[in-house]
Amino acid sequence: MAFAFQNRVPKVFVFFFYCFFFNCGSVFAQSSPAFACDVSKNATFASFRFCDTSLGFSARVADLVSRLSLQEKILFLVDGAGSVSRLGIPKYEWWSEALHGVSYVGPGTHFSNVVPGATSFPQVILTAASFNTSLFEAIGKVVSTEARAMYNVGLAGLTFWSPNINIFRDPRWGRGQETPGEDPLLSSKYGVGYVQGLQQRDDGDRDRLKVAACCKHYTAYDVDNWKGTDRYHFNAVVTQQDMDDTFQPPFKSCVIDGNVASVMCSYNQVNGKPTCADPDLLAGVIRGQWKLNGYIVSDCDSVDVFYKTQHYTKTPEEAAAKAILAGLDLNCGSFLGQHTEAAVKAGLLNESAIDNAVSNNFATLMRLGFFDGDPSKQLYGNLGPKDVCTQEHQELAREAARQGIVLLKNTAGSLPLSPTAIKSLAVIGPNADVTKTMIGNYEGTPCKYTSPLQGLTASVATTYVPGCSNVACATAQVDDAKSIAETADATVLVVGADQSIEAESRDRVNILLPGQQQLLITEVANVSKGPVILVIMSGGGMDVSFAKSNDKITSILWVGYPGEAGGAAMADIIFGYYNPSGRLPMTWYPQAYVDKVPMTNMNMRPDPSNGYPGRTYRFYTGETVFKFGDGLSYTQFSHKLVKAPQLVSIPLEEQHICYSSNCKSVNAVEETCQNLEFDVHLRVKNMGRMTGSHTVFLFSSPPSVHNSPQKHLVGFEKLYMDGQTDALVRFKVDICKDLTVVDEVGGRKIALGNHTLHVGSLTHFFAVRI
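We now turn to the structure provided with this report. (Residues numbered from 1 in each chain as written. Predicted model: local features only at pLDDT ≥ 70, side-chain atom pairs only at ≥ 80, totals over all residues. Heavy atoms only, no water.)

It is worth spelling out unusual backbone geometry at this point. For residues other than glycine, phi is negative in most cases, and the peptide bonds are mostly trans. Residue Tyr218 is joined to Thr219 through a cis peptide bond whose omega torsion reads 10 degrees. Structurally, Thr219 can be placed in the loop between strand E3 (215-218) and strand E4 (225-226). In this structure, Pro416 follows Leu415 across a cis peptide bond, with omega equal to 0 degrees. Secondary-structure assignment places Pro416 in the loop between strand E11 (406-410) and strand E12 (425-428). Backbone geometry at Lys227 places phi at a positive 50 degrees, although glycine is not the residue there. (Helix = DSSP H or I, 4+ residues; strand = E, 2+ residues; numbered from the N terminus.)

Moving on, we get to the layout of surface pockets. Considering only enclosed or pocket space, the second largest pocket measures out at about 920 Å³ in volume. For the second largest pocket, the lining is made up of 39 residues, of which Arg583, Gly629, Asp630, Gly631 and Gly760 are closest to its centre. Put simply, the parts of the chain that give the lining of the second largest pocket at least two residues each are E11, strand E17 (637-643), strand E21 (692-701) and strand E26 (753-759). Considering only residue class, the lining of the second largest pocket consists of 16 nonpolar, 19 polar and four charged. (1 Å grid on protein atoms, 1.4 Å probe; cavity = no way out; pocket = protein on both sides within 12 Å on 5 of 7 lines; lining within 4 Å. Points joined across faces, edges and corners; volume = space filled by probe spheres on them. Nonpolar A, V, L, I, M, F, W, Y, C, P; charged D, E, K, R; others polar.)

This paragraph deals with the pairing of strand E27 (residues 762-769). Two strands pair when backbone bridges link them, and strand E18 (residues 647-649) and E27 are joined in this way by three bridges, in the parallel orientation. Directly across from Val648, in E27, lies its bridge partner Val768. Sheet topology note: the E26/E27 ladder contains seven bridges and is antiparallel. Bridge pairing in E27 links Val759 to Leu762. (Pairing = 2+ DSSP bridges.)

As for its position among the elements, Asp38 is in the loop between helix H1 (11-22) and helix H2 (57-66). Sequence spacing of Asp38 and Gly88 is 50 residues, and the spatial spacing of their C-alpha atoms is 6.8 Å.

Overall, the coordinates contain eight disulfides when judged by the stated rule. Linked covalently through their sulfurs, Cys215 and Cys254 form a disulfide whose S-S length is 1.8 Å. You can see Cys215 sitting in strand E3 and its partner Cys254 sitting in helix H8 (residues 249-256), a full 39 residues away along the chain. The same class applies to Cys215 and to Cys254, which are both buried. Residue pairing for Cys265: its cysteine sulfur links by disulfide to Cys276, the two sulfurs lying 2.0 Å apart. Classification of the bridge connecting Cys265 and Cys276 rests on its S-S torsion, roughly 110 degrees, and on that basis the disulfide is right-handed. Placement of the pair is Cys265 in strand E7 (residues 262-265) and Cys276 in the loop between strand E9 (273-274) and helix H9 (280-289), with a sequence separation of eleven residues. (Disulfide = S-S within 2.5 Å. Buried < 20%, exposed > 50% of the residue type's maximum accessible area, 1.4 Å probe, protein only.)

This part takes up the sheet that holds strand E25 (residues 748-751). With antiparallel pairing, the three strands of this open sheet are ordered in space as E19-E25-E24. Strands at the two margins of the open sheet, each flanked by one partner only, are strand E19 (665-667) and strand E24 (741-742). Two elements, E19 and E25, share three bridges in a ladder whose sense is antiparallel. Across the sheet, Val666 pairs through a bridge with Ile750, a residue of E25.

We now examine H9. Taken residue by residue, H9 has Leu281, Leu282, Val285 and Ile286 as its buried positions. Axial view of H9: buried residues confined to an arc of 120 degrees, hence all on one face. Residues of H9 that are exposed and point over 90 degrees away from its buried face: Asp280 and Gln289. Against E3, helix H7 (240-247), E7, strand E10 (295-298) and helix H11 (316-326) lie the buried residues of H9. Looking one or two residues past H9, Lys291 carries a phi angle of roughly 60 degrees, positive in sign. (Arc of directions from axis to C-beta. Contact = heavy atoms within 4.5 Å.)

Laid out in structure tokens, this is it:
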């Protein structure tokens, strides 16, 4: 999907431009899926070794590659892969998306009268707020089932470029909504869970894939377009320490623990090199150290970008050669299709490097069954339109939103509202009756929508005025809003952002509520007769200090972009049908933070010499509006420590230098790390009468060595508990995996000295000694 202006507009917009001319959405008749080795059409295909399912993938791939000319191989280096009819290989489109449901972004997927919509789950940032790893996987499983069902009727591919696991480092980033938040452990667990849900087959065959996931955007990518700096020109200057303890861990987990089928390199440069042309990052780390079993794909047109926009090479042939030699296997776009043959003829590239790239691509398609003949005779061949938007899938979308929604403020007696006592409810705000806003970006057509107003109206009588014509409203219709709030038993204000405020290629300049929303909220709260519930719909955090400190605003809920069932989930929580349990996956900063911190400063750690306060809860030293992990419940939970060590001893060889020197840390090497773990047991009790879920966070504060984090998340566990019951929670803490710090050159170290564990208000001190 390469167009000349691609590097100036988001991929999403380019895709819609493409669809305007090529009619992506107008697919009316059911068609058949793309697949190779169709022996029913040509019996000779059965004689090809690459069509022989009894052979191993490597033998089949080698046979296929040996049959192709150079020009034919190049057809398979781009997302719109060409056909080789003499071998029974049809065209295949690699670019499909499934960030939080099967998406119409990307030319590989379409909706039609056969499948008019798919289940649209909450945007990722809200799902991450559930801190529920089993939910992450359950959503992935539903999405892959619907994707396979759509593939079987010719409406989708098998390769999906999701999830986005970049760290949400700065609150202004327009794509933070797509990510699991600011914490490397949560992002890693989300990535692994979602990937396994997408990829793992019901027959347990680990070599084969249900659909192929892709972890993106590798790496240190989190600036889109801020004050004249865009992602196509940005050089992210990142220390080795920050790379290894913040930006890389989610990708490492995705590849090693999730066994993801693909990684996508990003547009930006890292320390002067485009990520898609960096052999250390691609061939060295992803393929070499982490042993990726799959393919590496470029973000769309990023090879074109590093040639034309970043001027990293003098000729397009050099750009093609550099990308392939760095380890890139597939180009989203047409650049490698246009320039690779010339690169070979110029002696910049050997055909064997192209063989390696297309072999990785073919191996992925073989693991998906693409070369196994008729899909209807394979494991998922019976899936079809009946398996999309099922009642069960739609209920999971509602449950995911309920689990993620975060209660940030709740004056005693405010929430939940009683559906019998409330006779009239004022519903106000620019997001109070929205539908599409609820699903965020990289979206598909949902099965149906339940807006906030519809959700609330299902329980009580409502009166609605928007108060603002849109989220950026220059003028608020305050009088209309005040008049209904003055007489209502309670008022719900639904405000926040949408894709006009934060999106791909659109970073925020400030983190205040847009337009005249603050004025609207304050004026309405001042005259309201009953409780005032402020609901914030957004991907990133907002400086709502004014509402936090206003006694007239009795409750604050953050609902992210809550998906197709968002309005129903909101009402479930507001009326107490469901006890809120979401926790913030990112820090909410005051406006003063973004006034003084440039978005382009990639340093995670604070610098007292120039007043730089650092980033994320792990390093940030300043004031917050709400903290990472904040979130209230309608009941109270207590924690009691049952088991934890007082001392952990690190075994070292007899001649180790630390026996004669005062070492502050030791290297976390394999011989030291074997069986180096301990248990932490906690007794958790639901003190109230209401059933609810509770996330137990285990944080650790290491000694102050190597600019270590002030604290970091070691583990989390989500419990579902009846009122007045208790449960035992067990954490197994691996010293070298969970408690190490990264030193200044990227090495993992076991910090010696006094460590602190935190669970809620509990603290436990223990020593690590040699």
